[in-house]
Amino acid sequence: MATETTGWAIEQILNAAMGFQMSTAMWEGACAGNVHWPMRSAVVCYAPTLEILRRAAAEGKTLVVSREHPFYMHGGLNYPYLTEGLEAALKDDPVVQAKMEIVDAHKILIYRLSTAWDNFRPQAQSTALARALGLSPIEPQPSPRSRGVICDLRRTTLAALAQTAYDRLRARSPRIVGDPNAAVTRVAVLAGETDPKSGLAALIADPKIDGVIAGAGGVIDEVDGALSYFQDVVGAGRGIAMLAVGYGPSEEPGGEELARWMRSVLPDLPIEWWPAPDPSWIPRPRAGG
Amino acid sequence: MESAITRRGFGLSVGWALAAGAARAAGPLTAAQAVDRIKAKLAAEGVTWKTSYFDGFKIGDPQVPLTGIATCFQPTFSILRRASAAGMNFVISHESAFWDGFDPVEVVKDDPVYEAKVRFVEERGMAVWRIHDHWHARRPDPISSGLAAQLGWLSYFSDERPRHYTIPEMSLDGVARYVQDRLETKNVVVVGDPQLRVRTIGDQSHILSVVLTGLRRFDAVLVGETPQHDTFEYMRDAVALGQKKAVIMIAHERLEEWGMRDFVPWIKPAVPEVPVQWISSGDPFYIPPLAV
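Residues numbered from 1 in each chain as written. Chains lettered and ligands numbered in written order. Predicted model: local features only at pLDDT ≥ 70, side-chain atom pairs only at ≥ 80, totals over all residues. Heavy atoms only, no water.

1. Focus: the overall build of chain A
Selection criterion: Each helix is a run of DSSP H or I of at least 4 residues and each strand a run of E of at least 2, with the numbering of both proceeding from the N terminus. Radius of gyration here uses only the C-alpha atoms, and the compact-globule reference equals 2.2 Å multiplied by the residue count raised to the power 0.38. Exposure categories follow from relative accessible area, calculated using a 1.4 Å probe and restricted to protein chains: below 20% of the type maximum is buried, above 50% is exposed, and the middle band is partly exposed. Contacts: residue pairs with any heavy atoms within 4.5 Å of one another. Shrake-Rupley sampling with a 1.4 Å probe provides the accessible areas, and residues are treated as covered by the protein chains on show and by no other component.
Scanning chain A from N- to C-terminus turns up 10 helices and 13 strands. A compact globule built from 289 residues should have a C-alpha radius of gyration of about 19 Å, and chain A, at 20 Å, falls within 12% of that. The dimensions of chain A, computed from C-alpha atoms along their principal axes, are 55 × 45 × 40 Å. Buried residues in chain A amount to 61% of all 289 residues. Taking the intrachain contacts of chain A between residues at least 6 apart in sequence as the baseline, contacts between residues at least 24 apart amount to 74%. Total accessible area on chain A stands at roughly 11300 Å², and carbon and sulfur atoms take up 53% of it.

2. As for the interface of chain A and chain B
Heads up, the condition is: Joining two parts hides part of their accessible area as seen by a 1.4 Å probe, and the buried area is that hidden amount summed over both. The working definition used for a salt bridge is a side-chain nitrogen of Lys or Arg within 4 Å of a carboxyl oxygen of Asp or Glu. Each polar contact in these results corresponds to two N or O atoms within 3.5 Å; when the atoms are within protein, one needs to be able to donate a hydrogen and the other to accept it, and residues that are neighboring in sequence are counted only if both atoms are side-chain atoms. For two strands to pair, DSSP has to find at least two bridges joining them.
Taken together, the contact pairs 66 residues of chain A with 62 residues of chain B. Counting the surface lost from both chain A and chain B, the interface buries some 5500 Å², and carbon and sulfur atoms represent 60% of this. Where chain A touches chain B, the interface holds four salt bridges. Arg216 of chain B serves as the salt-bridge partner of Asp93 of chain A, at 2.7 Å between the closest nitrogen and oxygen. Seen at the junction of chain A and chain B, the total is 24 residue pairs in polar contact (both at pLDDT 80 or more). When residues of the side of chain A that touches chain B are traced back to their parent elements, those giving at least two are helix 2 (50-59), helix 3 (86-89), helix 4 (94-106), helix 7 (158-169), strand 8 (175-177), helix 8 (197-203), helix 9 (226-235) and strand 13 (280-281) of chain A. Tallying contributions element by element places helix 9 of chain A first for the side of chain A that touches chain B, with seven residues. Of the strand pairs in this sheet, strand 13 of chain A and strand 7 (residues 189-191) of chain B are connected by two bridges, and their pairing is antiparallel.

3. Quick look at the environment of Cys31 of chain A
Residues and elements named next belong to chain A. Counting through the fold element by element, Cys31 comes out in strand 2 (residues 29-32). Since its relative accessible area comes to 18%, Cys31 is described here as buried. Placed 38 residues apart in sequence, Cys31 and His69 show a C-alpha to C-alpha distance of 7.1 Å. Leaving out residues up to four positions away in the same chain, Cys31 has contacts with His69, Pro70, Phe71, Ile110 and Arg112.

4. Describing the confidence of the model for chain B
Here is the rule: Scored from 0 to 100, pLDDT records how confident the predictor is in each individual residue.
When the pLDDT values of chain B are averaged, the result is 91; 91% of them are 70 or greater. Predicted confidence for residues 1-14 of chain B stays below pLDDT 50, and this span has five contacts to residues more than four positions away or in other chains.

5. Things to note about the side chain of Asp230 of chain B
Counting through the fold element by element, Asp230 of chain B comes out in helix 10 (residues 228-240). When near neighbours in sequence (up to four residues on either side) are disregarded, Asp230 of chain B contacts Tyr72 and Leu82 of chain A together with Leu208 of chain B.

6. Quick notes on the sheet that holds strand 7 (residues 149-157) of chain A
What counts, and what does not: Structural elements are reduced to axes, namely lines fitted to C-alpha atoms, with helices fitted over the stretch in contact, and the angle between N-to-C directions of any two is expressed from 0 to 180 degrees.
Read from one edge of the open sheet, six strands run 7(A)-9(A)-10(A)-11(A)-8(A)-12(B), paired in mixed fashion. If you trace the sheet from one side to the other, it starts and ends with strand 7 of chain A together with strand 12 (285-286) of chain B, each paired once. Strands strand 7 and strand 9 (183-193) of chain A of the sheet are contacted by helix 6 (residues 124-132) of chain A, whose axis makes an angle of about 130° with strand 9 of chain A.

7. With respect to the domain arrangement of chain A
The line we're drawing: As used throughout, domain bounds are those supplied by an automatic or database domain assignment.
Taken domain by domain, chain A consists of domain 1 (5-119) and domain 2 (124-248). Computed over C-alpha atoms, the centres of domain 1 of chain A and domain 2 of chain A are 28 Å apart.

8. Comments concerning helix 9 of chain A
All names here are of chain A. Counting buried positions along helix 9 yields nine of 10 residues, so the element is predominantly enclosed. Restricting attention to buried positions, one finds in helix 9 the residues Ala226, Leu227, Ser228, Tyr229, Phe230, Gln231, Asp232, Val233 and Gly235. Directly after helix 9, the chain includes Gly237, whose backbone phi takes a positive value near 115°.

9. Quick look at the packing of aromatic side chains
Aromatic ring pairs: the centre-centre distance and the angle between the two ring planes describe each pair. Put simply, the rule is: In this scheme Phe, Tyr and Trp rings, the latter by its six-membered ring, pair at centre separations within 6.5 Å, and the angle between planes marks the pair as stacked below 30 degrees, edge-to-face above 60, and tilted otherwise.
Summed over the entire model, instances satisfying the criterion amount to 18 aromatic pairs over all chains. Look at Tyr229 of chain A and Trp99 of chain B: their rings are 4.8 Å apart centre to centre, the planes differ by 85°, and that puts the pair in the edge-to-face class. Of this pair, Tyr229 of chain A sits in helix 9 while Trp99 of chain B sits in the loop between strand 3 (90-93) and helix 4 (105-108), each in a different chain. Residue class for Tyr229 of chain A comes out buried when judged on its relative accessible area of 4%. Looking at Trp99 of chain B, the relative accessible area reads 1%, which means it is buried.

10. Describing the side chain of Ser66 of chain A
In this fold, Ser66 of chain A is placed in strand 5 (residues 63-66). Ser66 of chain A has contacts with Cys45, Tyr46, Pro48, Ile110, Tyr111, Arg112 and Leu113 of chain A, leaving out every residue within four places of it along the chain.

11. Notes on the sheet that holds strand 6 (residues 109-112) of chain A
All names here are of chain A. Pairing is mixed across the open sheet formed by five strands, whose spatial order is 2-6-5-4-12. Lying at the two open borders of the sheet, with one neighbouring strand each, are strand 2 and strand 12 (271-273). For this sheet, the mean inter-axis angle between neighbouring strands, taken without regard to orientation, is 30°. Where strand 2 and strand 6 come together, three bridges link them in antiparallel fashion. Within the sheet, the bridge partner assigned to Gly29 lies in strand 6 and is Arg112. Packing against the sheet, helix 10 (residues 247-265) makes contact with strand 4 (42-45), strand 5 and strand 12, and its axis sits at approximately 165° to strand 12.

12. Remarks on helix 7 (residues 142-151) of chain B
Residue and element names in this part refer to chain B. Burial of helix 7 is extensive: nine of the 10 residues sit out of reach of the surface. Along helix 7, the residues classified as buried are Pro142, Ile143, Ser144, Ser145, Gly146, Leu147, Ala148, Gln150 and Leu151. Taking the backbone nitrogen of Ile143 as reference, a side-chain oxygen 2.8 Å away marks Asp141 as the first, capping residue of helix 7. At the C-terminal side of helix 7, Gly152 shows a positive phi close to 75°.

Next comes the structure, spelled out in structure tokens:
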């Protein structure tokens with residue numbers, strides 16, 4: 001039988017292991033449940049979806065460590081606009097209530113570990129995404145504190161890499177900005193959002209980079225975010241294109257890495273990584289159509 | 001005949017016509033003069049020009065003599081090149097020039113892409129002016145009615161908040177394919193059961209708190225860009241809970257650029273000295289074919 005501990009005790013261990021990186025970022029840390037409840041086993045996931053909570057309840061998991069917030073409060077220092085009015089809009093929301101009922105009935109603690117993880121291992125999410133796509137980040141990375149990583153690869157196209165994303169990440173809605181058939185040999189891989197634009201600009205500063213593989217845009221996918229900047233980078237004449245695999249699919253692989261690391265510092269706590277399928281889809285040509 | 005010119009409306013109409021006439025008499029039309037006529041025309045419709053974080057000149061000299069006006073969704077480098085090639089040196093856009101709603105020049109002024117874009121405009125004697133808030137302020141909102149017309153759903157459209165369509169019932173998959181066809185793009189990303197029966201569709205953008213107002217009342221919401229990390233995740237959970245709802249996401253361009261196409265016939269009578277044309281942004285996203 002696993003050792004019983006509490007969410008509070010786990011938080012102290014994680015914090016110490018990360019060199020006290022736990023941030024005071026809004027909408028992070030314990031988001032639902034009680035840190036003093038006993039914790040017997042943990043699940044790591046990108047988003048603590050209703051399905052994941054149902055499964056956690058069925059399998060007796062008491063700690064859910066997630067990249068995203070259970071009630072959709074993404075937050076972020078760059079764009080508080082996203083969560084403006086959202087908390088009020090979700091008051092008495094049946095979806096939120098359904099999740100809270102599971103949390104309370106099964107004493108599940110949902111703990112969001114996002115900014116602290118990024119501060120501790122800035123490139124973990126993007127490295128995991130790159131490896132999930134079969135790519136290897138170059139050594140050493142030119143900017144180790146950047147969120148993104150640079151990978152050299154055998155000459156291919158972003159259209160081909162979109163198929164790889166579909167096959168390996170189960171990304172159902174990969175999209176490309178720029179020429180999908182232009183050859184790429186050096187790509188910047190960036191899990192999650194491409195914002196802020198200054199970060200994207202720094203990441204692709206190396207003129208040899210001819211492709212970007214990212215999750216999605218940021219505040220709003222393109223117009224008010226780094227993707228509109230990227231359109232102008234292309235428009236200014238640079239031979240570069242971007243594959244957006246989808247926000248969730250780009251962040252999912254990092255959960256496996258986080259789970260691996262958590263096992264190393266919490267050896268007595270059973271920890272599993274539960275990826276979730278991409279919920280999105282794009283109508284495809286019908287067979288024979 | 002249904003047109004009814006009220007005393008106030010008649011006076012304002014005469015006002016903007018006189019303003020246009022006065023500018024015509026003064027020599028070549030400048031960008032600033034064209035903007036004055038736009039403001040007068042809006043005022044005639046009851047839209048008073050107010051201080052706006054968004055609307056105004058973004059690049060170039062407002063006193064530049066005009067050779068033509070290009071309207072567009074966003075003044076990307078590509079749009080600027082096409083406007084210049086078509087001989088249009090005044091670009092009127094709905095969205096920002098510098099990648100953020102507020103056009104934060106102080107933040108981007110050292111970026112080489114910013115410098116190249118400004119240089120391109122200035123070297124060609126062009127000017128870029130944005131109209132966002134004041135174009136949305138017209139009733140019906142031309143951005144929404146422009147989309148409704150492009151979708152072929154004008155008769156199904158209600159401009160009352162929350163804006164929505166009541167369409168002949170079809171499946172969610174059918175709606176998504178219809179939107180693909182009408183908006184001439186494959187970039188239609190959906191979360192929801194493809195077999196869901198859809199009769200009412202909200203037109204709510206761009207963030208979850210706004211999307212929720214439509215989701216609670218309608219079968220689906222059509223949104224031009226929304227952060228996937230909250231809207232898609234909420235939708236996933238709502239479906240898992242058994243709610244018969246869906247989100248249909250298209251590019252911001254394909255949602256709103258039709259309203260800037262409608263700017264052309266609206267402004268043409270006020271600027272007879274120069275040609276006016278709309279330049280489509282298209283869809284920035286290409287959807288690659290996949291072996292599924």
